[in-house]
Amino acid sequence: MAKNTILRTIIALLSAPHIAASRLLCKFGPEAFKTDIEKCSEEVMHFSVRAQHLRCALVIAEDHRNELHSGIDPIAIISALLGRLLKGKSRGASTIEQQFVRVVTNRYERSARRKIREQLIAIEICKRHDKSQIADAYLSRAFFGSGQEGVEQLEKSCAINLEKIDLVQSIALTAQLKYPKPLVLNKDWHERIKNRRIHLRRVRQSNLEQMNKEKSSLLIVTSHNVGEQVELQNRV
């Protein structure tokens, strides 16, 4: 809990320039910027509520600091930049909100201008709507593979009911967001999906262990405080 509080504060401070820029552009920016915000906002209203476990799996797979940020994750951005500069490796740093903006605006060009614009819109959308609504709206349009665009097509293609699958099954499905199912299946795709699912299960297990540690620490502190209160009352 203390760790999350510190992270939330750091993320808020690092995000401050983007948040300020987003507010300014919402008021004084070009009409195209404002139009895309309204377009994304309207899309959120058509979210699916059938994929709750898939939503949780989405956070684990794509945006594990989702509850701590306001639409962008500056820690992920800095990490991605350092990885590219120092190791020459390219990795994603987009939040769920950014990915949602990308699919709605249908802008995929590789440019800093597009990326920054996407971040500023994501901040405004996050301000207007609940994160769970945005995640559901993204899943309703997310590309899982050939013939699997959005949760409705995913259900039909896989012959599953998203209301009945558990978190483990949902995590397996979110692996396809990184490696979409090809029209013709091949050994390379199966291997990538297998490794991705193993990685996501490890991430989930690590998150559970961290949560258990925090709960144990909280119980110890609470027990200690209760003990002090009882001792104080006995003295009185």
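We now turn to the structure provided with this report.

Reading the values: the criteria
- Residues numbered from 1 in each chain as written.
- Predicted model: local features only at pLDDT ≥ 70, side-chain atom pairs only at ≥ 80, totals over all residues.
- Heavy atoms only, no water.
- Axes fitted to C-alpha atoms, helices over the stretch in contact; angles between N-to-C directions.
- Helix = DSSP H or I, 4+ residues; strand = E, 2+ residues; numbered from the N terminus.
- Parallel < 35°, antiparallel > 145°, perpendicular 65-115°, else oblique.
- Left-handed = near helix turned anticlockwise from the far one by under 90°.
- Contact = heavy atoms within 4.5 Å.
- Nonpolar A, V, L, I, M, F, W, Y, C, P; charged D, E, K, R; others polar.
- Salt bridge = Lys/Arg side-chain N within 4 Å of Asp/Glu carboxyl O.
- Buried < 20%, exposed > 50% of the residue type's maximum accessible area, 1.4 Å probe, protein only.
- Patch = residues over 30% accessible without salt bridge, like charges linked within 9 Å, V, L, I, M, F, W, Y side chains within 5 Å.
- Areas by Shrake-Rupley, 256 points an atom, 1.4 Å probe, with all protein chains shown as cover.

### As for the packing of helix α5 (residues 96–105) against helix α7 (residues 131–139)
Link 1 in the chain: With their axes 9 Å apart at the nearest point, α5 and α7 run at an angle of 45° to one another. It follows that α5 is oblique to α7 by the angle criterion. In this structure, α5 crosses over α7, and the sense of that crossing is left-handed. The segment α5 lies against α7, with Ile96, Glu97, Gln99, Phe100 and Val103 engaging Lys131, Ile134, Ala135, Ala137 and Tyr138.
Link 2 in the chain: Taken together, the residues of the contact of α5 with α7 break down into 7 nonpolar, 1 polar and 2 charged.

### Digging into the pattern of salt bridges
Link 1 in the chain: The tally for this structure, following the rule as stated, stands at 15 salt bridges.
Link 2 in the chain: Across the pair Arg55 and Asp136 runs a salt bridge, and its minimum N-O distance is 2.9 Å. Placement of Arg55 in helix α3 (residues 52–62) and of Asp136 in helix α7 is noted, with a sequence separation of 81 residues between them.
Link 3 in the chain: A relative accessible area of 2% means that Asp136 is categorised as buried.
Link 4 in the chain: Each of Arg23, Glu38, Glu124 and Arg128 takes part in one network of salt bridges that share partners.

### Focus: the packing of helix α2 (residues 31–44) against helix α6 (residues 112–128)
Link 1 in the chain: Contact pair α2 / α6: the axes reach a minimum separation of 10 Å and the direction vectors enclose 45°. By the angle class used here, α2 and α6 are oblique. For the pair α2 and α6, the sense of crossing is right-handed. Side by side, α2 and α6 meet where Ala32, Phe33, Asp36, Ile37, Glu38, Cys40, Ser41 and Val44 of the first sit next to Arg117, Leu120, Ile121, Glu124, Ile125 and Arg128 of the second.
Link 2 in the chain: The class makeup of the residues in the contact of α2 with α6 is 8 nonpolar, 1 polar and 5 charged.

### Overview of α5
Link 1 in the chain: With respect to burial, α5 is a largely interior element, 10 of its 10 residues being buried.
Link 2 in the chain: Those residues of α5 that are buried lie in contact with α2, α3, α6 and α7.

### Brief notes about a nonpolar patch on the surface
Link 1 in the chain: Side chains of Ile6, Ile10, Leu14, Ile78, Leu82, Leu85 and Leu86 sit close together on the surface and give an oily, nonpolar patch of about 700 Å² of accessible area.
Link 2 in the chain: At 4 residues, the largest contribution of residues to the nonpolar patch is made by helix α4 (residues 74–87).

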